[in-house]
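# Inside the fold
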Amino acid sequence: MSLRERIPEQLKIGEDIISISLKTDVEVFPTSEYVLLEISNKAGRIYIPKIVGTLRNLVKEEQRMVAIRGFGFKGIGLAVRVAHELKLGEKKFTYEMTFDTFDASDPEDNRPVTSIQIIVLPPE
C-alpha cells in the first residue's frame, strides 16, 4: 500500500481553502485515527525539542499517525523544522512522510495564506 493510500480521508487536501482557527501558536487535535498538530502563521517562539519528543512518542511507541500543519511563512518554517528534527533524532528506522501544500485563510483578513501539511506515518 502506498503512503498516500494510508492517509485518512479527513487529511486529504483538496482544492478548498482551509480556515485558520487557531487561538494559540500551536494547537493539538487528537482523533481516533491520527493526531493533528497545527502551527499558526503568527507563531512566536515555540519549544521544538518538546514537540519533537511528543511526536516521536506518538509515532514510534503508540503507532499513531501525526499530521503537522503549518500556516503561512512562520508556520511552514516551524512545521518543516519539527519534521526535520524528528527525522534527525531517529537512528533505528526512517520515518515515512508525505508533504502537501494548500491555501488557508485567516478569518481576520480573509487573505489566502500558503500552508503545508506533513503527515508522519508509523513504521510498518
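Because the structure is a prediction, the values reported are computed rather than measured. Note that residues are indexed from 1 along each chain, following the sequence as it is written. Confidence filtering applies because this is a predicted model: local features only for residues at pLDDT of at least 70, side-chain atom pairs given and counted only at 80 or more, and all residues used for totals across whole chains, interfaces and linings. Calculation of side-chain values draws on the structure's entire complement of heavy atoms; hydrogens and water are dropped beforehand.

## Some thoughts on the packing of aromatic side chains
Note the threshold: Aromatic rings from Phe, Tyr and Trp, with only the six-membered ring used for Trp, were paired whenever their centres fell within 6.5 Å, and each pair was classed as stacked if the ring planes differed by under 30 degrees, edge-to-face if by over 60, and tilted otherwise. Think of it this way: any DSSP run of H or I at least four residues long counts as a helix, any run of E at least two long counts as a strand, and we number them from the N terminus. Burial here depends on accessible area, computed with a 1.4 Å probe over protein chains only, as a share of the maximum for the residue type. Under 20% is buried, over 50% is exposed, and the range in between is partly exposed. Put simply, a charge is over a ring when the Lys NZ or the Arg CZ is close to the ring centre, within 6 Å, and near the line of the ring normal, within 35 degrees.
Tallying each qualifying case throughout the model produces one aromatic pair. Centre to centre, the rings of Phe71 and Phe102 are 6.0 Å apart; their planes meet at 90 degrees, and the pair counts as edge-to-face. Within this pair, whereas Phe71 is found in strand β4 (residues 65–71), its partner Phe102 is found in strand β5 (residues 96–105), the two being separated by 31 residues in sequence. The pair Phe71 / Phe102 is uniform in exposure class, with both members buried. One residue, Arg69, lies across the ring of Phe102, its end atom 5.8 Å from the ring centre.

## Here's the deal with the side chain of Asn41
The criterion, for reference: In protein, a polar contact means a hydrogen-donor-capable atom and an acceptor-capable atom, both N or O and within 3.5 Å, with residues adjacent in sequence counting only if both atoms are side-chain atoms; elsewhere, any N or O pair within 3.5 Å suffices. By definition in these notes, contact holds between two residues if any of their heavy atoms fall within 4.5 Å.
Following the sequence through the fold, Asn41 ends up in the loop between β3 (34–39) and α2 (48–61). Here Ser40 takes part through its side chain, which lies 3.5 Å from a polar atom of the side chain of Asn41. Ignoring sequence-local partners within four residues, the contact set of Asn41 consists of Ile20, Phe71, Gly72, Lys74, Gly75, Asp106 and Val113.

## Overview of the nonpolar core
What counts, and what does not: To form a nonpolar core, buried Ala, Val, Leu, Ile, Met, Phe, Trp, Tyr and Cys residues must be joined to one another through side-chain atoms within 4.5 Å.
Grouped together as the largest cluster of nonpolar side chains are 23 residues, with contacts concentrated most on Leu55, Ile68, Ile118 and Val120. Mapped by element, the contributors of at least two residues to this core are β3, α2, β4, α3 (72–88) and β6 (112–121). If you tally residues by element for this core, the top one is α2, at six residues. Ile7, Met65, Ile119 and Leu121 belong to the second largest nonpolar core, which has eight residues in total.

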